[in-house]
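Here's the letter readout for the chains.
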Protein chains: 2
Amino acid sequence: MPTLEPPKTAAAVIIGNELLSGKTEDGNLAILARTLRQLGVQLRRVVMVLDEVETIAREVRELSRTHDHLFTSGGVGPTHDDVTIEAVARAFGVRVVMSPEMEAMLRAHYGEKCTDGHLRMALVPEGAALETTVQVRWPTIRMQNTWLMPGIPEVFRMKIPVIAAKLGHDQAFVSRAVYTAMDEGVLKPLLDAVVDEFRDVDVGSYPKWMDASYKTKLTFDGRDEARVQAAVDAFLARLPAGEPLRVE
Amino acid sequence: MPTLEPPKTAAAVIIGNELLSGKTEDGNLAILARTLRQLGVQLRRVVMVLDEVETIAREVRELSRTHDHLFTSGGVGPTHDDVTIEAVARAFGVRVVMSPEMEAMLRAHYGEKCTDGHLRMALVPEGAALETTVQVRWPTIRMQNTWLMPGIPEVFRMKIPVIAAKLGHDQAFVSRAVYTAMDEGVLKPLLDAVVDEFRDVDVGSYPKWMDASYKTKLTFDGRDEARVQAAVDAFLARLPAGEPLRVE
């Protein structure tokens, strides 16, 4: 008995040779995922790709069509390995143009030291919107439903409030967790019964390895708090004496 | 003048609702990426997806055909949200069958407490190989070029030596880094010249945000150490007095 419309969907394209080589660990995905969850948006797919224009363009074309929102991370600087602007322009079939607004901001920032290299940061896909808030005044580029986020984690984080402000809040996801000393092999029939009854609640089972405090963590997630709680209660009612260890 | 064959390629499918909801941060990708790099294999693409059989099957079908090696992470336990075995079987057009070898190991491990749930961990795609080493005796399932790795980070890590042993070592990638106090806008023309001359060296530019010790880190990567060093030298020769801050 789901009582809510299905959530809006999102995907992300995480860009950078340094991530696929293992030289750098991505720090942006988890922040984006948690933000979207609070906004009631379901992140359904993340793709991590190299700094290749055509590869990125293909992903953006596909994912912007199949999801309500798309986020790219990385590749928006001025150097040869920054190809996201060009790729997004290709994906949407538009040219790359100089934004007069961003050019003026860059010239004001760099003054006499402003180079052609600096001004490349004013390039945008034609028709892109420049999103700002009162607190975050440096623009975030949005091409239709596709947000071009910077790869540098500190800057990525600074722009999260812009996304939150512009996407608006839908019913957030709620989450409950139950910790048990039972292993998954024993839990399976109990879980199957709850999963069958609560198709609109996402039930997860996560065994812990080498941890004395519990053996398996069960999670119950959804946007309808009453249904999530009912699924937890149905599961708890099936547990043997002495269980669960705790509920969060 | 590349002197080496192109590297073998790899892709990864990281599976789990808990990753896309931001409840858990993936810790397996970076370890896999660094391992492959040491083995001389280029990781070209990572896809993170939900616990959905058909979604995973589609990815495995596509990526196992377009890469030399494919690795999945997650979804290999006995519960309802563990659908990777079924998905890989679908991708390769085979049935899911009980492995007598793994069944015997599970029965030996659980003894009289062994349940049907436990025995689900003996299910494999028909025709799969069970890979072990002397040190890592619990089998890792390999279906042709596709390795089914567990999502639990501690267990994932334990199985890395099996991959290293079975894939064998190719010429590893080497990496150099140059730190400068110059910003990317100023560096761009210098970098472009080096990138043009050294097409076989992967040159990366990573600005640092709010760090007093340097402004931009340049990386030079490849499997031909002499070419990588030549690219570094060509870049250093173009820097003004007082630069670089350091070379690693």
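The structure presented is a predicted model; accordingly, all values stated were derived computationally and were not measured.

(A) Examining the interface of chain A and chain B more closely. Across the contact, 49 residues belong to chain A and 48 residues belong to chain B. Among the secondary structure elements, those contributing two or more residues to the side of chain A that touches chain B are helix 1 (17-20), helix 2 (28-38), strand 2 (41-49), helix 6 (116-119), helix 7 (153-167), helix 8 (184-197) and strand 10 (202-207) of chain A. Residue contributions to the side of chain A that touches chain B peak at nine residues, all from helix 8 of chain A. For the side of chain A that touches chain B, the class distribution of residues is 22 nonpolar, 13 polar and 14 charged. Here strand 2 of chain A pairs with strand 2 (residues 42-49) of chain B via five bridges, running antiparallel. Directly across from A:Arg45, in strand 2 of chain B, lies its bridge partner B:Val49.

(B) Region of interest: the sheet that holds strand 8 (residues 146-149) of chain A. As summarised here, the arrangement of the twelve strands in space is 6(A)-7(A)-8(A)-3(A)-1(A)-2(A)-2(B)-1(B)-3(B)-8(B)-7(B)-6(B), forming an open sheet in which the pairing is mixed. Of all the strands in the sheet, just strand 6 (129-131) of chain A together with strand 6 (129-131) of chain B have a single pairing partner and so form its edges. Neighbour to neighbour, the strand axes of the sheet diverge by 20° on average, direction disregarded. Bridging between strand 1 (residues 9-15) of chain B and strand 3 (residues 69-73) of chain B involves five bridges; their strand directions are parallel. Bridge pairing links B:Ala10 to B:His69 in strand 3 of chain B.

(C) View of the packing of helix 8 (residues 184-197) of chain B against helix 9 (residues 225-238) of chain B. Residues and elements named next belong to chain B. Look at helix 8 against helix 9: their axes get within 10 Å of each other, and the N-to-C directions meet at 155°. By the angle between their directions, the pair helix 8 and helix 9 is classed as roughly antiparallel. The element helix 8 and its partner helix 9 pack so that their crossing is right-handed. Across from Leu 190, Ala 193, Val 194 and Glu 197 in helix 8, the residues of helix 9 making contact are Ala 231, Ala 234, Phe 235 and Arg 238.

About the cut-offs
- Residues numbered from 1 in each chain as written.
- Chains lettered and ligands numbered in written order.
- Predicted model: local features only at pLDDT ≥ 70, side-chain atom pairs only at ≥ 80, totals over all residues.
- Contact = placed C-beta atoms within 7 Å.
- Helix = DSSP H or I, 4+ residues; strand = E, 2+ residues; numbered from the N terminus.
- Nonpolar A, V, L, I, M, F, W, Y, C, P; charged D, E, K, R; others polar.
- Pairing = 2+ DSSP bridges.
- Axes fitted to C-alpha atoms, helices over the stretch in contact; angles between N-to-C directions.
- Parallel < 35°, antiparallel > 145°, perpendicular 65-115°, else oblique.
- Left-handed = near helix turned anticlockwise from the far one by under 90°.

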